[in-house]
Amino acid sequence: MEEKILTPETPENEEPKSDKSKGQELKEKLFYEQKDAFNGLTKEIRDAAQAFCVPYAKFLDNAKTEREAVNEGIKMAEAHGFVPYTFGQPVKAGDKFYINNRGKSLHVFVIGSEPLENGIRISAAHVDSPRLDLKQHPVYEDNGACYLKTHYYGGIKKWQWVTIPLAIHGTVCKNDGTTVDICIGEDDNDPIFYITDILPHLGHEQNGRPMGSAIDGESLNVMVTASPYDDDKADQKYKLNFLAAMYEKYGITERDLMSAEISIVPAMKARDLGLDRALIAAYGHDDRVCAYPMMLATVEAENPVHTLYAIFADKEETGSDGPTGMQGSLMTDVFADLANTMGANINVVRANSKCLSADVNAAFDPKFGGQFEARNSSYINKGVVVTKYTGGGGKGGTNDASAEYVGYIHNLLIREGILFQTGELGRVDAGGGGTVAKFISMKNIDTIDIGVPVLSMHAPYEVVSKYDIYETYRCVKAFNEDI
Ligand code: MN
Ligand code: MN
């Protein structure tokens, strides 16, 4: 008997059956799958991210204080044709301006071709980072060395700042009316500075203390000189030796230090981390890792439709107070000035404006997984983080972006093929934090937090992913260009 071979026939107009079950297909349709840089970005984009981060690392090395970041930001703006703005001056579409706010914050804007009342596209990031500032009377000597007294700035773990190489950066307004910038410890031939710690052999008492009090704030004294001035008759020769060296190099005296802003920052340079070079370790990623891509995305814009506005903010780490912090009025002063010049209603301008508050988020760290909630944390290499709300406790102190605005941003990122993720800052009640978002949204401007996830945030040497930096750049660019 002949064996009958049955060949399956596919009727016309019917799709070939997939191997997937109904449940599998439904799951594919309904579930959300978070991609990462390796299954969600092309190799071309990952290569572009690697290239993008070469100048970013240089920016970090040149911008360890807000003043230095402002100088670097001005260079970026001037290279793209931006010029200083004067209140009340005439403006027209395509004009590019910047305002150097007291050397400590920078506002950059391009006039769009559409009416100002359609709103301004704002992006803001801060350029101050946790550090140690010198006190007004910093210099003293003790048992054969000269030290500088400091007062820490921003949220630091004090024990992280001992036994690491440190550099001195700052600005001194001298009593003769001139100003001098100081930077020692960054050139490979420079000396570095240092805060000592007790040796473990004698650290039993310290080891018994909670970590938060292991190093006292008043012991963060920086060793700067350990040899005496060569003169038998003078006293305080160690202090004299330091001041003599500073006078020789910068022409400054102890009295000048009373009117100075001098910061002690880690002397380490930005370096690629890991054999695959996916990550960068550096001081001050928070928040220059958002400031750099945000500024670049704005200064590169040529003849934009929207008026674009980018801010390097100061004082975020201490509450955004003062004229250079985001609680200051400069941004809305400029908006009012532009509205006045261009015949627009400032209230309408603000109501139709949109803002990206670009700041870092905490990247999930499996070593400390207990402090995070894994389903709602941001991760390195999973793209720019869109953070609906920050704050602490029951969302205290947050700008909570509306569902409409979050939806707008998500749809924009999906449409542009930009890798993004969401993330809360840690598990509920683990702590919390805030950004400048709330200060901008209070001006009747829709604002959302976006940014780069960071490992070891606020440590002297922080870690980020190059792919997340690049996706943050693409996010700001898409936001600026979206009609
Ligand atoms: Mn920050
Ligand atoms: Mn911070």
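Look up: the structure comes first, before these words.
Residues numbered from 1 in each chain as written. Chains lettered and ligands numbered in written order. Predicted model: local features only at pLDDT ≥ 70, side-chain atom pairs only at ≥ 80, totals over all residues. Heavy atoms only, no water.

Enquirer: Could you give me a rundown of the pattern of salt bridges, with the residues and numbers involved?
Expert: Opposite charge on two side chains lets them pair, provided their charged atoms get close. Following the criterion strictly, the structure yields 26 salt bridges and no others. For the salt bridge of Glu72 with Lys75, the shortest nitrogen-to-oxygen distance reads 3.0 Å. With a gap of three residues between them, Glu72 and Lys75 both fall in helix α4 (residues 66-79), about one helical turn apart. Overlapping salt bridges, with partners in common, bring together Glu66, Arg67, Lys104, Arg131, Asp133, Glu261, Asp314 and Lys315 in one network. (Salt bridge = Lys/Arg side-chain N within 4 Å of Asp/Glu carboxyl O. Helix = DSSP H or I, 4+ residues; strand = E, 2+ residues; numbered from the N terminus.)

Enquirer: Summarise the nonpolar core; cite the residues concerned and give the values.
Expert: Judged by nonpolar contacts, the single largest core of 72 residues is most densely connected at Met295, Ile448, Ile450 and Ile469. Setting aside chain neighbours within four positions, we find Ile448 in contact with Cys355, Leu356, Ser357, Val386, Thr387, Asn399, Ala401, Tyr405, Val406 and Ile409. With 34 residues, the next largest nonpolar core counts Ile156, Val172, Tyr250 and Val265 among its residues. (Core = buried A, V, L, I, M, F, W, Y, C linked by side-chain atoms within 4.5 Å. Buried < 20%, exposed > 50% of the residue type's maximum accessible area, 1.4 Å probe, protein only. Contact = heavy atoms within 4.5 Å.)

Enquirer: Talk me through the sheet that holds strand β7 (residues 166-173); I want residue IDs and the actual numbers.
Expert: Spatially, six strands are ordered β8-β7-β10-β5-β6-β9 in an open sheet, and the strand pairing comes out antiparallel. Unpaired on one side and paired on the other, β8 (179-184) and β9 (222-225) mark the two borders of the sheet. For this sheet, the mean angle separating the axes of adjacent strands, direction not counted, is 30°. Its contacts with the sheet place helix α6 (residues 237-250) against β5 (131-141), β6 (146-153), β8 and β9, and it is angled at close to 115° to β8. (Pairing = 2+ DSSP bridges. Axes fitted to C-alpha atoms, helices over the stretch in contact; angles between N-to-C directions.)

Enquirer: Can you tell me about the coordination of the manganese ion (ligand 1), naming the residues and giving the values?
Expert: Only His126 (NE2), Asp286 (OD), Asp359 (OD) and Asp359 (OD) from the protein reach the manganese ion (ligand 1) as donors, at distances of 2.1 to 2.6 Å. Along the chain, the residues that donate to the manganese ion (ligand 1) are spaced as H-x159-D-x72-D. If you look at the manganese ion (ligand 1) and the manganese ion (ligand 2), they sit 3.3 Å from each other and are both ligated by Asp286. Highlighted residues: Asp286 in helix α7 (residues 285-299) and Asp359 in the loop between β14 (354-358) and β15 (361-362), separated in sequence by 73 residues. Overall, Asp359 belongs to the buried group, its relative accessible area being 8%. (Donors = N, O, S within 2.8 Å, 3.2 Å for Na, K, Ca; no water.)

Enquirer: Can you explain the sheet that holds strand β16 (residues 384-387)? Please cite residues and give values.
Expert: Strands sit in the order β1-β2-β3-β13-β4-β14-β20-β16-β18 across an open sheet of nine strands; the sheet is mixed. Unpaired on one side and paired on the other, β1 (83-84) and β18 (420-422) mark the two borders of the sheet. The pairing of strand β2 (residues 96-101) with strand β3 (residues 105-110) spans six bridges and is antiparallel. Residue pairing across strands places Phe97 opposite Phe109, the latter belonging to β3. Its contacts with the sheet put helix α12 (residues 466-481) on β4 (120-126), β13 (307-313), β14, β16 and β20 (446-451), and the angle it makes with β14 is roughly 170°.

Enquirer: Go over unusual backbone geometry with me, naming the residues and quoting the values.
Expert: Backbone torsion omega between Asp286 and Asp287 reads 10°, so that peptide bond is classified as cis. Tracing the backbone shows Asp287 in helix α7. Positive phi, close to 55°, is recorded for Thr163, a residue that is not glycine. Relative to the helices and strands, Thr163 resides in the loop between β6 and β7. With a relative accessible area of 41%, Thr163 lands in the partly exposed category.

Enquirer: So what's going on with the coordination of the manganese ion (ligand 2)? Residues and values would help.
Expert: The coordination sphere of the manganese ion (ligand 2) contains the protein donors Asp286 (OD), Glu317 (OE), Glu317 (OE) and His458 (NE2), at a distance range of 2.1 to 2.7 Å. Mapped onto the sequence, the donors of the manganese ion (ligand 2) take the spacing D-x30-E-x140-H.

Enquirer: So what's going on with empty space enclosed by the protein? Residues and values would help.
Expert: As enumerated under the stated definition, the model contains three cavities of 30 Å³ or more in all. Estimated volume of the largest cavity: approximately 50 Å³. Residue lining of the largest cavity: Asn101, Ser105, His107, Pro323, Thr324, Gly325, Met326, Gly328, Leu330 and Met331, and that is the complete set. Among the secondary structure elements, those contributing two or more residues to the lining of the largest cavity are β3 and α8 (330-342). Looking at the lining of the largest cavity, its residues break down into four nonpolar, six polar and no charged. (1 Å grid on protein atoms, 1.4 Å probe; cavity = no way out; pocket = protein on both sides within 12 Å on 5 of 7 lines; lining within 4 Å. Points joined across faces, edges and corners; volume = space filled by probe spheres on them. Nonpolar A, V, L, I, M, F, W, Y, C, P; charged D, E, K, R; others polar.)

Enquirer: Describe a nonpolar patch on the surface, and please don't skip the residues or the numbers.
Expert: Together, Leu26, Leu30 and Phe31 give the surface a local cluster of nonpolar side chains, amounting to about 350 Å² of exposed area. With respect to the helices and strands, the residue Leu26 is situated in helix α1 (residues 22-30). (Patch = residues over 30% accessible without salt bridge, like charges linked within 9 Å, V, L, I, M, F, W, Y side chains within 5 Å. Areas by Shrake-Rupley, 256 points an atom, 1.4 Å probe, with all protein chains shown as cover.)

Enquirer: Before we move on, could you go through the packing of aromatic side chains and cite the residues and values that matter?
Expert: In total, this model carries 19 aromatic pairs according to the counting rule given. Ring geometry for Tyr85 and Phe97: centres 5.2 Å apart, planes at 70°, overall edge-to-face. Of this pair, Tyr85 sits in the loop between β1 and β2 while Phe97 is found in strand β2, placing the two residues twelve residues apart along the sequence. When the centroid spacing of 5.0 Å and the interplanar angle of 90° are considered together, the rings of Tyr309 and Phe335 count as edge-to-face. Of this pair, Tyr309 sits in strand β13 while Phe335 sits in helix α8, placing them 26 residues apart in sequence. The ring centre of Tyr379 lies 4.4 Å from the NZ or CZ of Lys382, which sits over that ring. Sitting over the ring of Tyr389, Lys395 keeps its end group 3.8 Å from the ring centre. (Phe/Tyr/Trp six-rings, centres within 6.5 Å; stacked < 30°, edge-to-face > 60°. Lys NZ or Arg CZ within 6 Å of the ring centre and 35° of its normal.)

Enquirer: Let's hear about α7: which residues, and what values?
Expert: Its 15 residues place the ends of α7 20 Å apart at the C-alpha level, agreeing with the 21 Å of an ideal helix rising 1.5 Å per residue. Among the 15 residues in α7, 15 count as buried, and that is most of the element. (Expected span 1.5 Å × (residues − 1).)

Enquirer: Explain the layout of surface pockets to me, using residue names and the numbers behind them.
Expert: There is about 1,200 Å³ of room inside the largest pocket. For the largest pocket, the lining is made up of 36 residues, of which Ala362, Leu425, Ser456, Met457 and His458 are closest to its centre. Put simply, the parts of the chain that give the lining of the largest pocket at least two residues each are β15, β19 (432-433) and β20. By residue class, the composition of the lining of the largest pocket is 14 nonpolar, 14 polar and eight charged. Empty space within the second largest pocket amounts to approximately 370 Å³.

Enquirer: An account of the packing of helix α10 (residues 403-415) against α12 is needed here, citing residue identities and associated values.
Expert: Two quantities define a packed helix pair, namely the angle between the axes and the distance from one axis to the other. Relative to each other, α10 and α12 sit at 110°, their axes nearing to 10 Å. The pairing of α10 with α12 is recorded here as roughly perpendicular in orientation. Where α10 abuts α12, its residues Tyr405, Tyr408, Ile409, Leu412 and Leu413 lie against Cys475, Ala478 and Phe479. Across the contact of α10 with α12, the residue classes break down as eight nonpolar, no polar and no charged. (Parallel < 35°, antiparallel > 145°, perpendicular 65-115°, else oblique.)

By themselves, these figures tell us nothing about what the structure is for.
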